[in-house]
Amino acid sequence: MSLFKARDWWSTLLGEKEEFDQGCLCLADVDNSGSGQDKIIVGSFMGYLRIFNPHPVKTGDGAQAEDLLLEVHLRDPILQVEVGKFVSGTELLHLAVLHSRKLCVYFVSGTLGNVEHGNQYQIRLMYEHHLQRTACNMTCGPFGGVKGRDLICIQSMDGMLMVFEQESYAFGRFLPGSLLPGPLAYSSRTDSFITVSSCRQVESYKYQVLVFATDADKREETEQQKLGSGKRLVVDWTLNIGEQALDICIVSFNQSTSSVFVLGERNFFCLKDNGQIRFMKKLDCSPSCFLPYCSVSEGTINTLIGNHNSMLHIYQDVTLKWATQLPHIPVAVKVGSLHYSSSYPKGSDLKGVIVTLSDDGHLQCSYLGTDPSLFQAPKVESRELNYKELDAELKELQKIIKDVKSQGVWPMTEREDDLRVFATVSPNFDSVSQATDADIGTDLVPSITVKVVLQSRLALQKVKLSVYVQPPLALTCDHFSFDFMAPETTREVAFSVYLKRSYTPSELEGNAVVSYFKPTDRNPDGIPRVIQCKFRLPLKLICLPGQPSKSASHKLTIDTNKSPVSLLSLFPGFSSQPDDDQVNVMGFCFLGGSRVTLLASKTSQRYRIQSEQFEDLWLIINELILRLHEYFEKQGIKDFSCSFSGSMPLQEYFELIDHHFELRINGEKLEELLSERAVQFRAIQRRLLTRFKDKTPAPLQHLDTLLDGTYKQGWEETVDAAVSHLLKTCLSKSSKERALNLSSHLDMPKDTSRLKKHITLLCDRLAKGGRLCLSADSAAPQTIIMPGPGRTRALPLTSGRLGPAGGCTPIPESDLEERSAEQDSTEPFTNHRLLMAEPPTPEDSAFQGLLE
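Being a predicted model, the structure only gives us computed values, none of them experimental. (Residues numbered from 1 in each chain as written. Predicted model: local features only at pLDDT ≥ 70, side-chain atom pairs only at ≥ 80, totals over all residues. Heavy atoms only, no water.)

Engineer: Pulling in residues and values, what's your account of the overall build of the chain?
Structural biologist: Of regular secondary structure, the chain possesses 13 helices and 45 strands. Counting all 852 residues of the chain, 41% fall into the buried class. In the chain, the share of contacts with a sequence separation of at least 24, taken over all contacts with a separation of at least 6, comes to 60%. Accessible surface, the chain as shown: approximately 49200 Å² in total, 51% of it carbon and sulfur. (Helix = DSSP H or I, 4+ residues; strand = E, 2+ residues; numbered from the N terminus. Buried < 20%, exposed > 50% of the residue type's maximum accessible area, 1.4 Å probe, protein only. Contact = heavy atoms within 4.5 Å. Areas by Shrake-Rupley, 256 points an atom, 1.4 Å probe, with all protein chains shown as cover.)

If you want it as structure tokens, here you go:
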């Protein structure tokens, strides 16, 4: 029991199984009594609104019936309660209640009672606002410097600030880059809203900037709004605090100075009006709520901070002045002036009462005190000690400890497992491979079946089996669930394993992990347990026999203390000479294409592994060591060991690091280029939209050409489309080629083999006398069809652009070819605007560059 314990003045428990948060507590003279005495206003997530005016007869009394002034069920969850001048035409205080989809403002009034039941209180709804977005929190104050009234600002879950000027809705603004809402406060001295964004930085927005910013309903900025001054929502200042914030409070020393207090997860900060840090304090315990208030010492501020250890700390700036114990974990704390009972001779007001509220509804009014507890521990009956018996007992205990240490481990009691797990790998591949989504490049990727058997001894609940293998190995199914397993039952599951990508896995070992709940008498829901089983996949799943290589770029030598073993005994099925029992060289070919060679020395006790790629050595080395240990264990030899006497291959490892870093740099460059092209693409789209909406026709000034070039950015597919069109028209050799239809979409090809084939065919036909012209009349422009992104575009084809000056004569193979060319030139279009002659586009530039 702490000596510094909060002295309970009055307390109560609100409702049953109700939940509360930091916005659910407020202290104010809500009934406008004029006495200066605060009432305690509490709202719950269950929708109950309660107003208390405590009158304890003596310190520590619980709540009496007359202490509860009002209790109303509003049906909707109450997120926050605030008191202010929220009704126009009057300066009386009103109560604002924030629901998830509604804001209600009430007037609390009381009627003097003539009987012992006391005064009667009721609330009257003045107005309400239905919200289009789900609310998170709110703040109030004289926004814009108004006099005699308070405005309300509500922050929605998607980061929108909605401002209400009492009975009317004013405007709404989206905070830039908002992801999750944070605490919100209003500073009347600077007329700004202060919040903490999901980027973990404190942000301040001027009210005037919010007023003149773009309306929140218009998410797209027009060109006029972008160029106009004062139309974009700009932050006044920011400060990165590096952690999420729990609450924000504004405290003013006087009219000329105010401070912004931010409570973080591990620190609390005091900031100046411009965002500079006045001081910060690292907290020892995780905080739950706080309340700054002006200190009696000039220039300092006291701060109440509650934490999850049920403690309330009082700081003067960064110095801890007091610590007191609470009976619960507070989620909200307030300081107010409450009313003494008539039995107290000291007066009628008790100032500085600390009001705390827990998340489960413990409401307590307390004050700080150091009254010592009157409890005294009873004296223990004294008795004489028998030192001989103590010495004998000590020697016996020391002997037990010595015996246990000599055994090396603590004795374990044998027990039978509740669940046994077995994994079996099939010796043969699946007859039909399950590698349907493998991306390796080979025609057939094998798969192998693994069976896992679960045997339960007792009744088990919520049994879940999860299987893990090292990438790029993949499973057809990696999760299995059983809601209930009866005693003495067996469950069997099967799945296939295959190689999904072309690189080598780090190991071939898999792991089957089973989690389950074991019910007991005291815990019917069950106690969680975990058991695992490992299995080893065969090397042939990812590797095939290959031709050994005599030379390689990377080599490693493994030394052993035993005579070399025939590689055929270690790796059956991987030798190209099955009849030779003394195979000392063996080749491995991975499915991804890499090759590794393994050599066993005939005279020394060494093995050499070599490959063109350094990273391919590891798996074969690991398999070699495992199989050597298994071989000698079967022979009864237990002192087998392996070693590596060479220098560490750091240079090869560093080369891989440099290559990986280079790929990262190139990736960042590509991301920057993509970002620039995306900005250009959006800008062109906006300008084109403006042109198309204009009633007066105006030239596009090549905007559509620029848009098309910005969108595609693919040289290979553009050139392939142009060359394919030439081979289909003027350089075609048969009607079959002319009948081929070009795709209307330009997609990035998987490789360049098709493009290389078409360029080779184009050069071959030009060398045999083919001419790039569609008609004998070189001056007559012809229209060709070029595929574009999502549409078909017409381009003019003239001899001046595609052939030498002076005109070219076509080489018609038949009359059908001439008719086909005429039909192609007069093909109908749905977009007649695109039939006009256009300047050279990025496709034409690539086309012309290829021909030159």
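Engineer: Please set out unusual backbone geometry residue by residue, giving values where relevant.
Structural biologist: Geometrically, the link from P471 to P472 is a cis peptide bond, its omega value of 10° lying close to zero. Here P472 is to be found in the loop between β32 (460-468) and β33 (473-475). Look at N32: it is not a glycine, yet its phi comes out positive at around 55°. In the Ramachandran plot, D191 falls in the positive-phi region, its phi being about 55° despite a non-glycine side chain. Within the fold, D191 resides in the loop between β15 (184-187) and β16 (192-196).

Engineer: Requested: an account of the environment of F261, with residues and values cited.
Structural biologist: As for its placement among the helices and strands, F261 is situated in strand β20 (residues 258-264). A relative accessible area of 0% means that F261 is categorised as buried. Along the backbone, F261 and T303 are 42 residues apart, and their C-alpha atoms lie at a distance of 9.4 Å. Leaving out residues up to four positions away in the same chain, F261 has contacts with D247, I248, C249, V251, F268, F269, C270, F279, F290, P292, I301 and T303.

Engineer: Explain the sheet that holds strand β40 (residues 585-590) residue by residue, including any values.
Structural biologist: Sheet architecture is open: six strands sit in the order β38-β40-β41-β42-β39-β43, paired in antiparallel fashion. Every other strand in the sheet has two partners, leaving β38 (543-546) and β43 (642-643) as the edge strands with one partner each. As defined by bridge partners, strand β39 (residues 554-560) adjoins strand β42 (residues 606-611) across six bridges and the pair is classed as antiparallel. The partner of T557 across the bridge, within β42, is R608. (Pairing = 2+ DSSP bridges.)

Engineer: I'd like to hear about the side chain of R765, residue by residue, with values.
Structural biologist: Mapped onto the secondary structure, R765 falls in helix α10 (residues 753-767). Within the local environment of R765, its side chain forms a polar contact with the backbone oxygen of L731, the two atoms lying 2.3 Å apart. (Polar contact = N/O pair within 3.5 Å; in protein donor to acceptor, adjacent residues only side chain to side chain.)

Engineer: An account of the packing of aromatic side chains is needed here, citing residue identities and associated values.
Structural biologist: Applying the stated rule across the entire model yields 16 aromatic pairs. Between F171 and Y207, the aromatic rings sit 6.1 Å apart at their centres with planes inclined by 45°, giving tilted as the arrangement. With F171 in strand β14 (residues 168-174) and Y207 in helix α1 (residues 207-212), this pair connects stretches of sequence that are 36 residues apart. On the basis of relative accessibility, which here comes to 9%, the residue F171 falls in the buried class. Take Y207: its relative accessible area is 5%, and that puts it in the buried class. (Phe/Tyr/Trp six-rings, centres within 6.5 Å; stacked < 30°, edge-to-face > 60°.)

Engineer: An account of a negative patch on the surface is requested, with residue identities and associated values reported.
Structural biologist: Taken together, the side chains of E19, D21, D359 and D360 make up a negatively charged region of the molecular surface. Examined against the element boundaries, D21 turns out to sit in the loop between β1 (7-13) and β2 (25-28). (Patch = residues over 30% accessible without salt bridge, like charges linked within 9 Å, V, L, I, M, F, W, Y side chains within 5 Å. Salt bridge = Lys/Arg side-chain N within 4 Å of Asp/Glu carboxyl O. Lys, Arg positive; Asp, Glu negative; His and termini not counted. Charge placed at Lys NZ, Arg CZ, Asp CG, Glu CD.)

Engineer: Please set out the pairing of β42 residue by residue, giving values where relevant.
Structural biologist: For a regular strand, side chains alternate in direction, first toward one face of the sheet and then toward the other. Where strand β41 (residues 595-600) lies against β42, five bridges are found, and the strand directions are antiparallel. Each residue of the ladder has a partner; that of L599, found in β42, is R608. If you look at the hairpin formed by β41 and β42, you'll find five residues sitting between the two strands.

Engineer: Quick rundown of a nonpolar patch on the surface? Include the residues and the values.
Structural biologist: Taken together, the side chains of F644, M648, L650, Y653, F654, L656 and I657 make up a nonpolar region of the molecular surface, amounting to roughly 670 Å² of accessible area. Along the chain, L656 falls in helix α6 (residues 650-693).

Engineer: Give a description of the sheet that holds strand β7 (residues 80-84) that names residues and reports values.
Structural biologist: Taken in spatial order, the four strands make up an open sheet running β7-β8-β9-β10, and their pairing is antiparallel. Only two strands of the sheet have a single partner each, and these edge strands are β7 and β10 (120-130). Each adjacent strand pair in this sheet contributes to an overall mean axis angle of 25°, direction not counted. Summarising the sheet, strand β8 (residues 94-98) and strand β9 (residues 102-111) pair through four bridges and their orientation is antiparallel. In the strand pairing of β9, L95 is matched with Y106. (Axes fitted to C-alpha atoms, helices over the stretch in contact; angles between N-to-C directions.)

Engineer: Outline helix α5 (residues 617-634), listing residues and values.
Structural biologist: With 18 residues, α5 extends 26 Å between its outermost C-alpha atoms, agreeing within 8% with the 26 Å of an ideal straight helix rising 1.5 Å per residue. Looking only at α5, the buried set comprises L617, L619, I620, I621, N622, E623, L624, R627, L628 and F632. Its buried side turned inward, α5 meets β37 (527-536), β39, α4 (567-570), β40, β41 and β42. Note on α5: the residue one or two positions beyond its end, G636, has a positive phi of about 85°. (Expected span 1.5 Å × (residues − 1).)

Engineer: Hey, could you go over the pattern of salt bridges for me, with residue numbers and the actual values?
Structural biologist: Applying the stated criterion to the full structure yields 17 salt bridges. Notably, a salt bridge pairs D158 with R133, separated by 2.9 Å at the nearest N-O pair. Of the two residues, D158 is situated in the loop between β12 (151-156) and β13 (160-165) and R133 in the loop between β10 and β11 (135-141); the sequence distance between them amounts to 25 residues.

Engineer: Describe in detail the side chain of R627, supporting the description with residues and values.
Structural biologist: Its place among the elements puts R627 in helix α5. Looking at R627, the relative accessible area reads 16%, which means it is buried. Filtering out sequence-adjacent residues up to four positions away, R627 remains in contact with R536, L539, L570, F571 and P572.

Engineer: Can you break down the environment of L95 residue by residue, with the values?
Structural biologist: As for its placement among the helices and strands, L95 is situated in strand β8. Counting along the chain gives 29 residues from L95 to R124, while the straight-line C-alpha distance between them is 10.0 Å.

Engineer: Explain the pairing of β7 to me, using residue names and the numbers behind them.
Structural biologist: Among the five residues of β7, four are classified as buried, and the element is accordingly described as predominantly covered. Direction of pairing for β7 relative to β8: antiparallel, over a ladder of five bridges. What sits directly across from V83, in β8, is L95.

Engineer: So, the confidence of the model for the chain: which residues are in play, and what are the values?
Structural biologist: Do not read the predicted coordinates in detail wherever pLDDT is low. Here the chain shows a mean pLDDT of 79. Residues at 70 or above account for 77%. Ranking the helices and strands of the chain by mean pLDDT puts β8 first, with 96, and helix α11 (residues 799-802) last, with 35. Note on residues 218-230: pLDDT is under 50 here. Beyond four places in sequence and across chains, it has 11 contacts. Confidence drops under a pLDDT of 50 for residues 342-347, and excluding neighbours within four residues, the segment shows eight contacts in the predicted structure. (pLDDT = per-residue confidence, 0-100.)

Engineer: So what about the environment of H554? Which residues, and what values?
Structural biologist: If you trace the backbone, H554 turns up in strand β39. Assessed through its relative accessible area of 13%, H554 is described here as buried. If near-sequence neighbours (up to four positions away) are discounted, H554 is found in contact with I609, Q610, S611, E612, Q613, F614, L617 and E652.

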